[in-house]
Amino acid sequence: MADSTSRVVPQPECGGDAKSENVSPNLTEIIVIRHGETEWNADGRIQGHLDVELNDSGRQQAMAVAARLSREPRISVIYSSDLKRAHETAETIARSCGGLEVIKDPHLRERHLGDLQGISLREAAQSQPMAYKAFLSDRSDQVIPGGGESLDQLYQRCTSCLQRIAKKHRGERVVVVSHGGAIRALHRRASPHRRSKSKIWNTSVGILHLSDKDEWTIKLWADISHLNKTGFLDSGFGGDKTSG
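Residues numbered from 1 in each chain as written. Predicted model: local features only at pLDDT ≥ 70, side-chain atom pairs only at ≥ 80, totals over all residues. Heavy atoms only, no water.

- The name given to the protein in an unreviewed UniProt entry is Metal-independent phosphoserine phosphatase-like isoform X2, and the organism recorded there is Nicotiana sylvestris.
- The heading Sequence similarities (unreviewed entry) in the UniProt record of the protein holds the text "Belongs to the phosphoglycerate mutase family." (UniProt positions renumbered as here; feature names shortened; annotations may be inferred.)

Here it is as structure tokens:
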């Protein structure tokens, strides 16, 4: 279950017949995508639950990952955080995959970062010292002042949501569009003894297999090979370090 990065292999269209690519009936394959870039990502401003739209780079990143996923066979449905940056990314993917349904679920939101939301991490130490200290805490049960979540609360919310999705779609391939902190929580569940060293870049792709025995396996993690030819790898990918 080690972290990995892989090149994209051309595959059949979404929903096409591909018996060799069928998902085993006793598991669910979940393709986990981080949303495209926003202006606040590029500026290093903390978003959390605040509803920020994609910027132009983010929209083009969404188109790139959508083109990649259009070659994945038999995607059944797309689930998305209800925040605009994730939902717009999901809708872009859905259009490339023949108009798949997008189901919004607030349990896939980013970590609520309390009093830190709306300011940059550079400003936080001075303007919100208590929240900043809580954010840097090594305690996973440390909540952030101003209504923020602890890492444990984020973990419980996101992993429970993914388990519900997996149970509903056993034997299917599903796309989930979420956020950096939420996706790291999923990695923690799948690989509890190994912390991910990979940054969760905007529109990075991970693949998880969730079995009916409640076993989580990482098949791919933090892959951005679809962006190699877009010219956006050198643009502002800020935000990963501010998502908790």
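So much for the structure itself; the text now carries on.
**Some points on the packing of helix 6 (residues 151-168) against helix 7 (residues 180-190)**
Here comes step 1: Two elements in contact, helix 6 and helix 7, have axes separated by 9 Å at closest approach and are oriented at 75 degrees. As judged from the angle between their axes, helix 6 and helix 7 are roughly perpendicular. Of the residues in helix 7, those in contact with L151, D152, L154, Y155, C158, T159, L162 and Q163 of helix 6 are G181, A182, A185, L186, R188 and R189. (Axes fitted to C-alpha atoms, helices over the stretch in contact; angles between N-to-C directions. Helix = DSSP H or I, 4+ residues; strand = E, 2+ residues; numbered from the N terminus. Parallel < 35°, antiparallel > 145°, perpendicular 65-115°, else oblique. Contact = heavy atoms within 4.5 Å.)

**Remarks on the nonpolar core**
Here comes step 1: One finds I30, L162, V176 and L208 to be the most contacted residues of the largest nonpolar core, which totals 25 residues.
Here comes step 2: Only strand 1 (27-34), strand 2 (75-80), helix 6, strand 4 (173-178), helix 7, strand 5 (205-211) and strand 6 (216-223) provide two or more residues apiece to this core.
Here comes step 3: Excluding its chain neighbours within four sequence positions, the residues that come into contact with V176 are I30, I31, V32, I33, Y79, L108, L162 and I165. (Core = buried A, V, L, I, M, F, W, Y, C linked by side-chain atoms within 4.5 Å. Buried < 20%, exposed > 50% of the residue type's maximum accessible area, 1.4 Å probe, protein only.)

**Focus: the UniProt feature "binding site: substrate" (unreviewed entry) in the protein**
Here comes step 1: Under the UniProt annotation, "binding site: substrate" (unreviewed entry) lies at R34, H35, G36, E37, T38, E39, W40, N41 and R85.
Here comes step 2: Within the structure, the side chain of R34 is placed 2.8 Å from the backbone oxygen of I200, a separation counted as a polar contact.
Here comes step 3: Considering the arrangement of structural elements, one finds E37 in the loop between strand 1 and helix 1 (39-43).
Here comes step 4: Polar contacts involving the side chain of E37 include one to the side chain of N55, which spans 3.0 Å. (Polar contact = N/O pair within 3.5 Å; in protein donor to acceptor, adjacent residues only side chain to side chain.)

**Here's the deal with helix 2 (residues 56-69)**
Here comes step 1: Across its 14 residues, helix 2 extends 20 Å between first and last C-alpha, which sits within 8% of the 20 Å expected from 1.5 Å per residue.
Here comes step 2: Those residues of helix 2 that fall on the buried side of the exposure criterion are S57, G58, Q61, A62, A64, V65, A66, R68 and L69. (Expected span 1.5 Å × (residues − 1).)

**Considerations on the UniProt feature "active site" (unreviewed entry) in the protein**
Here comes step 1: The positions UniProt marks with the feature "active site" (unreviewed entry) are H35 and E110. A maximum C-alpha distance of 10.6 Å among these annotated residues, which run over 76 residues, shows that they cluster at one spot.
Here comes step 2: In this structure, H35 sits in the loop between strand 1 and helix 1.
Here comes step 3: H35 sits in the buried class, given a relative accessible area of 1%.
Here comes step 4: Leaving out residues up to four positions away in the same chain, H35 has contacts with N41, Q47, R85, A86, T89, V177, S178, H179, N202 and T203.
Here comes step 5: Of note is the side chain of H35, whose polar atom sits 3.5 Å from the side chain of R85.
Here comes step 6: Along the chain, E110 turns up in the loop between strand 3 (102-104) and helix 4 (121-127).

**Topic: helix 3 (residues 84-96)**
Here comes step 1: Relative to the 18 Å expected for 13 residues at 1.5 Å per residue, helix 3 spans 18 Å between its end C-alpha atoms, a close match to the ideal helical length.
Here comes step 2: Residues of helix 3 that are buried: R85, A86, H87, T89, A90, T92, I93 and A94.
Here comes step 3: Against the buried residues of helix 3 lie strand 1, helix 2, strand 2, strand 3 and strand 4.
Here comes step 4: Immediately beyond the C-terminal end of helix 3, within one or two residues, lies G98, with a positive phi of roughly 80 degrees.

**Brief notes about the state of the cysteines**
Here comes step 1: Considering all chains together, one arrives at zero disulfides under this definition.
Here comes step 2: Distance from the sulfur of C161, which forms no disulfide, to the nearest cysteine sulfur (C158) is 7.3 Å.
Here comes step 3: You can call C161 buried: its relative accessible area is 1%. (Disulfide = S-S within 2.5 Å.)

**Structural notes on the environment of I144**
Here comes step 1: Its place among the elements puts I144 in the loop between helix 5 (129-136) and helix 6.
Here comes step 2: In sequence terms I144 and L113 are 31 residues apart; their C-alpha atoms lie 6.2 Å from each other.
Here comes step 3: Not counting chain neighbours up to four residues away, the residues in contact with I144 comprise R111, L113, G114, D115, L116, A131, A134, F135 and E149.

**A word on the packing of aromatic side chains**
Here comes step 1: Overall, the coordinates contain zero aromatic pairs when judged by the stated rule.
Here comes step 2: Here the guanidinium or amino end of R45 rests over the ring plane of W40, the centre of that ring lying 6.0 Å away.
Here comes step 3: Note that R188 overlies the ring of Y155, its terminal NZ or CZ placed 4.4 Å from the centroid. (Phe/Tyr/Trp six-rings, centres within 6.5 Å; stacked < 30°, edge-to-face > 60°. Lys NZ or Arg CZ within 6 Å of the ring centre and 35° of its normal.)

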